[in-house]
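Below are the chains, spelled out letter by letter.
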Amino acid sequence: VPDNWAISGRDLHLDLGRSGRRAALEQALREAVQSGRLAPGTLLPPSRALASDLGIARNTVAEAYTQLVAEGWLTARQGSGTRVAGPSPSSAPPPPSTVSRAFHHGEFAFSTRAAVGLAGALGDTAYDLRAGFPDVAAFPYAEWLAAARTALGRTPSSTYRYPDPQGLPELRTALAGYLARTRGVRARPERVVVCGGFGQGLWALATALHRLGARRAGVESHGLPLHRRILTGAGLTLVGLPVGAAGAELPGGGPGTGQGVDLDVALLTPAHQFPLGTALDAEHRAAFVRWARARGAVLVEDDYDGEFRYDRRPLGAMQALAPDQVVYGGTASKALAPAVGLAWLVLPERLIGPVVAELTRVGARPAALNQLVLAEFLTSGRYDRHVRRSRLAYRRRRDRLVAALDPTGLRVHGLPAGLHAVVDLPAGHSEEVAVAEAHRRGLAIEGLAAFAAAGHDRAPALVVGYASPPAHAFTTALARLVATLRAL
Ligand SMILES: Cc1ncc(COP(=O)(O)O)c(C=O)c1O
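Criteria and cut-off values
Residues numbered from 1 in each chain as written. Predicted model: local features only at pLDDT ≥ 70, side-chain atom pairs only at ≥ 80, totals over all residues. Heavy atoms only, no water. Helix = DSSP H or I, 4+ residues; strand = E, 2+ residues; numbered from the N terminus. Buried < 20%, exposed > 50% of the residue type's maximum accessible area, 1.4 Å probe, protein only. Contact = heavy atoms within 4.5 Å. Polar contact = N/O pair within 3.5 Å; in protein donor to acceptor, adjacent residues only side chain to side chain. Pairing = 2+ DSSP bridges. Core = buried A, V, L, I, M, F, W, Y, C linked by side-chain atoms within 4.5 Å. Axes fitted to C-alpha atoms, helices over the stretch in contact; angles between N-to-C directions. Left-handed = near helix turned anticlockwise from the far one by under 90°. Nonpolar A, V, L, I, M, F, W, Y, C, P; charged D, E, K, R; others polar. Right-handed = clockwise from strand over helix to strand, strands pointing away. Salt bridge = Lys/Arg side-chain N within 4 Å of Asp/Glu carboxyl O.

Draft legend 1. Representation of the environment of Arg-191. Residue position: Arg-191 is located in the loop between helix 7 (169-183) and strand 3 (192-195). Note on Arg-191: relative accessible area 11%, which makes it buried. Considering only alpha carbons, one finds Arg-191 and Glu-349, 158 residues apart in sequence, at a separation of 6.5 Å. Filtering out sequence-adjacent residues up to four positions away, Arg-191 remains in contact with Gln-166, Pro-323, Asp-324, Leu-345, Val-346, Leu-347, Pro-348, Glu-349 and Ile-352. A polar atom in the side chain of Arg-191 sits 3.4 Å from the side chain of Asp-324.

Draft legend 2. Quick peek at the sheet that holds strand 13 (residues 420-424). Overall, antiparallel pairing links the 4 strands, which are arranged 12-13-15-14 in an open sheet. In the strand order of this sheet, the two ends are held by strand 12 (412-413) and strand 14 (446-447), each with one partner. Strand direction decides the pairing type here: strand 12 and strand 13, joined by 2 bridges, are antiparallel. When the bridges of strand 13 are listed, Val-412 appears paired with Val-423.

Draft legend 3. Seen up close, the nonpolar core. Residues Leu-336, Trp-344, Leu-374, Tyr-383 and Leu-481 are the most contacted members of the largest nonpolar core, which totals 60 residues. Setting aside its immediate chain neighbours within four residues, Leu-481 contacts Leu-129, Leu-401, Leu-405, Leu-443, Ile-445, Leu-462 and Val-464. Judged by nonpolar contacts, the second largest core, of 30 residues, contains Ala-206, Ala-208, Val-219 and Ala-343.

Draft legend 4. Looking closely at the packing of helix 8 (residues 198-211) against helix 12 (residues 349-361). One can describe the packing of helix 8 onto helix 12 by two numbers: an axis separation of 8 Å at closest approach and a directional angle of 115°. In the crossing of helix 8 with helix 12, the sense of the turn from one axis to the other is right-handed. Mapping the contact onto sequence places Gln-200, Trp-203, Ala-204, Leu-205, Thr-207, Ala-208, Leu-209 and Arg-211 in helix 8 and Leu-351, Pro-354, Val-355, Glu-358, Leu-359 and Arg-361 in helix 12. Across the contact of helix 8 with helix 12, the residue classes break down as 9 nonpolar, 2 polar and 3 charged.

Draft legend 5. A look at the pairing of strand 9 (residues 298-302). Among the 5 residues that make up strand 9, 5 are buried, leaving the element largely enclosed by the rest of the structure. Both faces of strand 9 are covered, namely the face carrying Val-298, Val-300 and Asp-302 and the face carrying Leu-299 and Glu-301. Of the strand pairs in this sheet, strand 8 (residues 265-268) and strand 9 are connected by 4 bridges, and their pairing is parallel. Residue Ala-266 lies in a different strand from strand 9, and its bridge partner there is Leu-299. Where the polypeptide runs from strand 8 across helix 10 (residues 282-295) and back to strand 9, its parallel neighbour, the crossover connection is right-handed.

Draft legend 6. Representation of the pattern of salt bridges. For the structure shown, the criterion picks out 24 salt bridges. A salt bridge links Arg-22 to Glu-63; its shortest N-O distance comes to 3.5 Å. Placement of the pair is Arg-22 in helix 1 (residues 21-34) and Glu-63 in helix 3 (residues 58-71), with a sequence separation of 41 residues. Relative accessible area serves as the criterion here: at 34%, Arg-22 is assigned to the partly exposed category. Arg-361 is the partner of Glu-358 in a salt bridge, and the nearest nitrogen-oxygen pair spans 2.7 Å. One end of the pair, Glu-358, and the other, Arg-361, are both in helix 12, 3 residues apart, so they sit about a helical turn from each other. Judged by its relative accessible area of 4%, Glu-358 is buried. Salt bridges here are not isolated pairs; linked through shared partners, they connect Arg-188, Glu-190, Arg-191, Asp-324 and Glu-349.

This is the structure:
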């Protein structure tokens with residue numbers, strides 16, 4: 001059976017309760033076929049894959065398939081899998097309109113896949129190698145539900161009032177413990193601020209710093225456009241920091257002393273530069289910290305995928321070197337899913353009040369119920385287990401990416417960590433052409449230039465996020481990438 005079926009369990013939008021799952025699955029599939037959401041000829045995932053996506057028994061799926069074959073909704077043929085009955089549609093992928101106009105997560109604050117739902121997922125968006133997304137089909141929702149049951153079951157009703165604007169104490173305590181243990185962060189619960197995404201935290205921090213007199217912010221030559229817009233939106237003027245083989249540098253080159261560098265704040269991705277993939281080495285970390293201390297500047301450490309390091313032990317957080325100079329930022333968007341909607345800052349004492357004041361001023365209020373569940377998810381060890389599982393799965397994907405690209409002879413960077421890598425294009429080729437070629441093949445991907453700050457061009461490359469496709473679509477996504485590169 002080929003593994004290029006284009007839907008995952010979650011895309012079926014099933015509401016499966018504890019009982020009657022088989023009936024619910026059958027009904028959902030009938031409706032999807034009847035309404036045309038599942039086109040004739042569409043290949044359904046094997047029962048094992050769909051069952052694992054949905055967190056239900058394989059037999060339940062197999063029985064539902066058998067029932068629907070008997071009713072004539074589906075066909076099953078030995079060796080060619082289970083399909084929606086009826087004439088086969090053209091094998092050409094649908095036009096990549098949703099992809100070509102697709103948001104780049106730096107541009108808009110919604111996910112194409114979520115926005116287009118099943119219709120889009122049946123088309124091009126399952127083959128999505130854009131950076132910045134975890135495999136949301138692997139969200140541990142059964143364990144999330146178990147954590148929710150435990151957490152809500154023991155929570156007094158007072159928790160349902162307006163929460164502490166700094167974040168629920170339960171979550172701040174759980175995070176402080178987790179970050180100290182796994183990332184070496186010097187965190188006490190009093191220093192943790194919970195926010196509704198790293199972007200929101202960055203906005204509150206930048207606004208607070210501007211109010212305190214900051215004017216100039218250093219940003220890495222490449223990064224999320226959204227984060228640059230957040231900084232300028234807060235009134236800061238941006239200065240691009242070059243990124244070399246050992247990570248970001250203070251202007252002037254090398255670790256240097258930073259003497260005369262008149263920045264008030266610098267936003268860095270030390271563990272795994274986004275998107276170039278380099279790690280900030282010890283010498284450069286020390287140089288940034290020395291410079292920040294001497295100047296009274298603030299370093300912001302965006303540790304968005306610090307948990308995912310494959311070949312060596314994770315690099316500890318830079319914050320530990322200078323907790324009074326470095327703001328540590330983390331998010332649930334990569335290790336769990338953007339839908340959790342929670343991120344956290346660990347702040348120097350003097351910035352806690354000002355940052356919480358900004359969040360309060362605009363009524364930012366990360367959902368307390370989600371905070372409770374995440375706290376339980378962390379303290380029960382479920383978060384660690386999920387990260388371990390994901391790390392293994394992503395490392396395998398990374399290895400498959402490397403193996404698939406090997407025959408092309410193209411250089412790949414940023415492999416030791418994270419959920420994405422950078423593939424150099426053959427000399428003389430343009431990113432736009434490569435991205436358009438990929439879209440023609442129903443593959444969503446971005447060029448490196450999409451992340452560049454003004455005036456920071458580099459040799460053409462593609463940024464490959466290998467975490468995003470659901471497991472069943474990964475082989476096809478890789479094949480489309482290789483076909484794209486071969487067609488150049
Ligand atoms: C570099 C970087 N930092 C942080 C984040 C996480 O942001 P948020 O918590 O707002 O989802 C992302 C997500 O795409 C990212 O790419």
